[in-house]
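Here's the letter readout for the chains.
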Amino acid sequence: MAQLDLTGIGRSADLFQTGPTSSLSRFLMNWAEEMAYRLRDAAPKATGGLGQSIAPNAESEDKAVAVQIEMDEYWDFVNEGVDGTQRSFGSPYKFTQSTKVAGIFHGLRESMWPATKSLHPQPDQTIDEMTWAIAHGVKKGGIEPTYFFENIMTDEVIDQLQRQLLDEFGRALLEKTFDNL
């Protein structure tokens, strides 16, 4: 009859260390880098700023590893869209009659959006006047959702990550635990 020696199981804990160079941290960071790559590829290319801002970040503490995919704050407005005052997409975000056009205008101007679209003002119009007119149109018409995040971070992707974690670390744990049989 084979005996199961559990005295070495404590040595299996190195599989689950959470430092930045641990196997678990490297595995999760590689996954986050792949997801960030997919999100950058799927992000709308209006100015390219959102896609360029997407980056993975991993932090490890005592007994936990947190992996995040960071991106500019406005990502969810692009993802979920914004309902306009005259057109609705069913978004959780809405421009209302009280929404200041100036905020939209400054966002468009700072991102240089009109220039990236090769838009040129009419002969009797300045670039700021044209951008102000576009901002009014955005307020009325809203921003159509892209769902670029949901299209990448699906339930299937999360399920696959869970299976990969179990395969990778479950197999290694079994090998370390039962190698004395």
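Structural data are supplied above this passage.
What comes next is a walk through the structure. As the structure is a prediction and not an experimental result, all values here were calculated from the model. Each chain carries its own residue numbering, running from 1 in the direction its sequence is written. For a predicted model such as this one, the threshold for reporting local features is a pLDDT of at least 70, and the threshold for listing and counting side-chain atom pairs is 80 or more; totals across whole chains, interfaces and linings nevertheless cover every residue. Think of the side-chain values as coming from all heavy atoms in the structure, minus any hydrogens and water.

Observations regarding the environment of Gln164
Moving on, step 1. Examined against the element boundaries, Gln164 turns out to sit in helix H8 (residues 155–178).
Moving on, step 2. Looking at Gln164, the relative accessible area reads 32%, which means it is partly exposed.
Moving on, step 3. Taking the C-alpha atoms as reference, Gln164 lies 9.5 Å from Phe27; in sequence the two are 137 residues apart.
Moving on, step 4. Beyond its immediate chain neighbours, meaning those up to four positions away, Gln164 contacts Phe27 and Trp31. Secondary structure elements are defined from DSSP: runs of H or I of at least 4 residues count as helices, runs of E of at least 2 residues count as strands, and each element is numbered from the N terminus. Here's how the labels work: a residue is buried when its accessible area is under 20% of the maximum for its type, exposed when over 50%, partly exposed in between, all with a 1.4 Å probe on protein chains only. Whether two residues are in contact is decided by their heavy atoms, any of which lying within 4.5 Å being enough.

Here's the deal with the nonpolar core
Moving on, step 1. Put simply, buried Ala, Val, Leu, Ile, Met, Phe, Trp, Tyr and Cys residues joined by side-chain atoms within 4.5 Å make one nonpolar core. Leu28, Trp31, Met35, Leu39, Ile54, Met71 and Phe148 are the most contacted members of the largest nonpolar core, which has 20 residues in total.
Moving on, step 2. Of all the secondary-structure elements, those providing two or more residues to this core are helix H1 (23–42), helix H7 (148–152) and H8.
Moving on, step 3. No other element matches the eight residues that H1 contributes to this core.
Moving on, step 4. Non-local contacts of Met35, meaning those with residues more than four positions away in its chain, are made with Ile69, Ile152, Met153 and Val157.
Moving on, step 5. Ranked by size, the runner-up nonpolar core spans ten residues in total, among them Phe95, Ile104, Phe105 and Ile134.

Some words on the packing of aromatic side chains
Moving on, step 1. In this analysis, rings of Phe, Tyr and Trp, with Trp reduced to its six-membered ring, are considered paired at centre separations within 6.5 Å, and the interplanar angle assigns stacked below 30 degrees, edge-to-face beyond 60, and tilted for intermediate values. Scanning the model with the defined rule gives three aromatic pairs in all.
Moving on, step 2. Note on Phe77 and Tyr93: the rings are 4.7 Å apart at their centroids and 70 degrees apart in plane angle, and the pair reads as edge-to-face. Pair noted here: Phe77 is in helix H3 (residues 75–80) and Tyr93 is in the loop between H3 and helix H4 (101–111), with a separation of 16 residues, a long-range link.
Moving on, step 3. Note on Phe77: relative accessible area 37%, which makes it partly exposed.

As for the side chain of Thr131
Moving on, step 1. Structurally, Thr131 is set in helix H6 (residues 127–141).
Moving on, step 2. Owing to a relative accessible area of 2%, Thr131 belongs among the buried residues under this scheme.
Moving on, step 3. Apart from the residues lying within four places of it in its own chain, the contact partners of Thr131 are Phe105, Leu108, Arg109 and Pro114.

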